[in-house]
Structure formats: structure tokens, C-alpha cells
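Chain by chain, the residues:
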2 protein chains.
Amino acid sequence: MTDAERALPLRERKKLRTRQALADTALRLFLDKGFHETTLDELVDAVEVSKRTFFRMYPSKEDVAMAAELELWDAHVAEAEARELHGPVLDFLRETLIAAVTGLGADWDRRFLATRGLIARTPALWDRSLLLSVTVQSRLVTDLEIKLGINSREDVRLRLLGELSLAAWRCAAKNWISGRGYQGPREPMRKLGQWKGPGGSAELIRRVEEAFDAIPDSLTLTAG
Amino acid sequence: MTDAERALPLRERKKLRTRQALADTALRLFLDKGFHETTLDELVDAVEVSKRTFFRMYPSKEDVAMAAELELWDAHVAEAEARELHGPVLDFLRETLIAAVTGLGADWDRRFLATRGLIARTPALWDRSLLLSVTVQSRLVTDLEIKLGINSREDVRLRLLGELSLAAWRCAAKNWISGRGYQGPREPMRKLGQWKGPGGSAELIRRVEEAFDAIPDSLTLTAG
DNA sequence: CCCTTGGCGCCACTCAGTGGCAGATTAGCC
DNA sequence: GGCTAATCTGCCACTGAGTGGCGCCAAGGG
């Protein structure tokens, strides 16, 4: 990151720094006071930029809270573009997702955990998070459709597969958070300590594997 | 409907009528001028109620545009509660969904088609529609989990199944609309004529069956 | 050193959505 | 039918997110 930063022109570096500052401060404020209880004016005052600048960086108040999640999806897309596609497509999606999670640093999973906790207790953010993931996944599938020469009007299989892989991710993320018993921002740091380090994303990856493994059996699920 | 209406107290009947009037007028205005180009004040003026009353009927501007879609989900939930659960759960979800579509009248599929057309060219409505469907489906799955004694923390299969069935629905609805070549509100009535009657929802049901049928094969989809 | 270009701050504005209160309308009861 | 109490509605003022426009300042390039 520092290398990439140095290579960028001064103007871009400044932009990136305010972007970062906005995301960090937003997460801090939202965790501290709650999402709806924090106004954009407060955030913008704290970072000392104008509201106009904020909207040049992020399209909405919701999006700035989910910067960590956006990083994940960017990584996922990058991973999918880099890797070459052969074998079962579901495995491809699974592996590129795992690779994305693995590739992001230890600092990321701290921020991501905090973000997910905030999302879990803020319906408006949950909504936006869902929407973001669906949008990204749809883009991903569209790319794959082109590569495979599939037309979703005639063959919906890939579309379904994409949704399924996203569903697995959502189950995994949900169980990851609820398994941690994260309830709110006022949880003592003692518990936060447990989450830190590689354990956080290692556990997340375990949950993802678990969810993907459950896919074949889910189809045949039968009631009494 | 008329029977049920007559049974209701006067106050409730009036309430229902304004609800209906709001939904009808909203759809007409949105189709005519576009969603963002129509303000709530205009809608509220046209129906001759106050803005305050509007928000007592619908939680948001988006929701009033999707009254027909809400009817579908209500029917789906009712169908799932009425029917008893045995055999493959995926079939249960599939059959209750089909039954819901079938059960709603010919007037419904006219309104639903118009609604979907509007949604297709209005991102904000597409977002809300997705959110609505996910919410309903999540409620449905939670109920089923209780009936089956499944804990989604340990067993994510049902959760995955719910998402998969919803995905099939979304593919079906999408292809149904795009297959009709619906582009905007200015399409001549000649084309609208083709959609009318049982053919509209019959085609929709065909698309749904098609999508559900594609599920087993989607898992094994493999690239070159 | 100057000129161009791209951000940025500031201001005024729109519009969705909310809270509060006064007035009307209905339901239930005598 | 008349009275009271519970609802519902309309009106008004207000918050806060998001946008458009313009002047300005700082950065890149010669």
C-alpha cells in the first residue's frame, strides 16, 4: 500500500487520505453513537471536509460505513479476473472468495468485524450491505456468462449458482458474527481482544467452507 | 373481496379505499412521468389526502409502487401456512409460490406486469423490490426452521434452500419481463393487449417452473 | 513563472420522512 | 337519539440526506 501510495500523484494521495479518514471516522462515530444518531454534518465536521466533498467520495451515508465490505468485493472481483476459469464453476466462486478474504490483511478483519457488528444492529445498513453484495455478484456472473458464452435468458444455471454462492457467504458471515455474540458497540475490549489477529478471519473462512459444503445436501432437504 | 369489504367496519373500509387509491394513482403517475419525476406532494394532491396520511398507509414512496408485489408475497406466505409440510422442502416452496401466483386474479397480473416494467427501469425500485422479497423469504424460512426444528447456526441447509428458491423466482420474473420486451410506459395498448388475460401469468408460471427445473443441473455447471 | 485543470468549499435548494397538535369522524354505550 | 372516548385525519413546522452551481485555490505541465 505504501509503495502504491508513493507512486501516486500528490493530488490522488490526498484524495485517498480523506477517503480513508472519512471511512475510519464514520465507523468510529457510528459505533459510538449509532448510525442514525450521527448526522453527516457531524462526520464532515470531524474530518474537516465539506459535505459536498463527502458525496464526491461516497454515494451515500450508508456506503461510507461499509468501506471494509467494499474492499472485500473488490478483492473478490480482482481474484476472479486474475484466476483462470476451469472445472466446476461453484468451486471457482468459492475459491476466489476464500482467496479474497485471505488476501486482505489483519487490519482488514478487525475493521470488517466492527462493520458487521454495526450492520447487524442497523437495519438500514443491513439493507445496503445486501444490495451491495447482490450488485457485485451480478456483475461477476455477467462476466462469467460472457466468458462461458451463456445467455441467462435461455440458461439460468449460472445465475442460480451465483445466488447460491452469495447465499453461502451471507450465512457464513451471519453465523460468524452471531457466533461471536457481538451485540453492540459497548461490548468491553476484553471480548474484542478475542477477535483480533488471524483467529478472526480464520474462523470466518471456516464458516464459509462449512456453508459451501452444505450446498449439495440442501437440495434434498426433506420434511418428516 | 366485496364480501370481505362489507364485513369490515366503515372506518376500515375507507382506509382500504384510500390505500387502493394511493396504489393505483401512484402506479399511474409513476408510469406516466417516471418515479423520481413524481413527487409525493403531487401524488397526495391527486388522491386528495395529506402527506401524513400517506405515511400512515405506506412506509415509503417506493413501497406504494409495489403494492402488487406485496400482494404476491402475502399470498405466498398464506399459502405456506395453509399447506402442510411434507416431502422435499424445495418442492414445498416451489408449489406454494406457484399456487400464490395462480390464486391472484387476472387484474393482479395486469398490475403486476406494469409494476415490474416500472421496476425494471427504476433502480431505486429494483433495490426495494429485492429487499422486500428477501425479507419475506427470510420470514418464511424462519417459520419453516421452527417447524422442522432446525437451527440455522448449526445447519444452514434450509437457509440456502430459501435463497435458492428466491433466486429462481427472480430469474423467472426477470426473463418474463425482458421476454416481453417491455421498455417503458409509452408502449402502445396493442402490446398490453397481448399480455392481458391468463396468458400473462401462465407465461410467468412457465418461467418459474423452468427456473426451478434448472436448479439441480446448476450445481454441477462446469467450465471447459 | 504562468496558465490550465481538477478538486474543494460554500450556499441555496429540493424533497422524503417525522413529530405534535387541533379538529373531525366513528364506535360503543346508555 | 345523544354523549363520551377512542381513532383517524389534516396541517404545519422541522430534520436531514442529497444535488446544482459557482468562485477559489492548489497541483501539474510547459
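As recorded by an unreviewed UniProt entry, chain A carries the name TetR family transcriptional regulator and is attributed to Actinophytocola gossypii.

Engineer: How should the protein's contact with DNA strand C be read in this particular structure?
Structural biologist: Arg-52 and Thr-53 of chain A together with Arg-11, Arg-52 and Lys-61 of chain B are the nearest of the 22 residues found near DNA strand C. For DNA strand C, the backbone makes up 51% of the atoms found within 4 Å of the protein, where backbone means sugar plus phosphate. Between Arg-11 of chain A and DNA strand C, the recorded distance is 3.1 Å, taken from a side-chain N or O atom to a sugar or linking oxygen. In this structure, Ser-50 of chain A approaches DNA strand C through a side-chain N or O atom, which is 3.1 Å from a phosphate oxygen. Of all the secondary-structure elements, those providing two or more residues to the surface near DNA strand C are helix H2 (10–33) and helix H4 (51–57) of chain A together with helix H2 (10–33) and helix H4 (51–57) of chain B. Broken down by element, the surface near DNA strand C gets its largest block of residues, four residues, from H4 of chain A.

Engineer: Looking at this model, I keep getting lost on the interface of chain B and chain A. Mind explaining?
Structural biologist: In many reports, interface size means the accessible area that the parts give up when they come together. Residue-level contacts link 43 residues of chain B with 43 residues of chain A. Between chain B and chain A lies a buried interface of about 3,800 Å² when both sides are counted; carbon and sulfur atoms form 69% of it. Linking chain B with chain A are two salt bridges, by the criterion used here. Glu-163 of chain B is the partner of Arg-170 of chain A in a salt bridge, and the nearest nitrogen-oxygen pair spans 2.6 Å. Counting every contact that joins chain B to chain A gives ten residue pairs in polar contact (both at pLDDT 80 or more). Elements with a contribution of two residues or more to the side of chain B that touches chain A: strand S1 (87–88), helix H7 (89–103), helix H9 (123–148), helix H10 (157–180), helix H12 (198–213), helix H13 (215–219) and strand S2 (222–223) of chain B. Here the element with the most residues in the side of chain B that touches chain A is H10 of chain B; it accounts for 15 residues. Among the residues forming the side of chain B that touches chain A, the class breakdown is 25 nonpolar, eight polar and ten charged.

Engineer: Just to check I follow, could you spell out the packing of aromatic side chains for this structure?
Structural biologist: Residue and element names in this part refer to chain A. Under the criterion given, the structure shown has 14 aromatic pairs over all chains. Ring centres of Phe-54 and Tyr-58 lie 6.0 Å apart, and the angle between their planes is 35°; on these two criteria the pair is classed as tilted. Take Phe-54: its relative accessible area is 0%, and that puts it in the buried class. For Tyr-58, a relative accessible area of 5% gives the class buried. One aromatic cluster is present, built from ring pairs that chain together Trp-73, Trp-108, Phe-112, Trp-169 and Trp-176.

Reading guide: rules and limits
Residues numbered from 1 in each chain as written. Chains lettered and ligands numbered in written order. Predicted model: local features only at pLDDT ≥ 70, side-chain atom pairs only at ≥ 80, totals over all residues. Heavy atoms only, no water. Near = heavy atom within 4 Å. Polar contact = N/O pair within 3.5 Å; in protein donor to acceptor, adjacent residues only side chain to side chain. Helix = DSSP H or I, 4+ residues; strand = E, 2+ residues; numbered from the N terminus. Contact = heavy atoms within 4.5 Å. Buried area = accessible area lost by both parts, 1.4 Å probe. Salt bridge = Lys/Arg side-chain N within 4 Å of Asp/Glu carboxyl O. Nonpolar A, V, L, I, M, F, W, Y, C, P; charged D, E, K, R; others polar. Phe/Tyr/Trp six-rings, centres within 6.5 Å; stacked < 30°, edge-to-face > 60°. Buried < 20%, exposed > 50% of the residue type's maximum accessible area, 1.4 Å probe, protein only.

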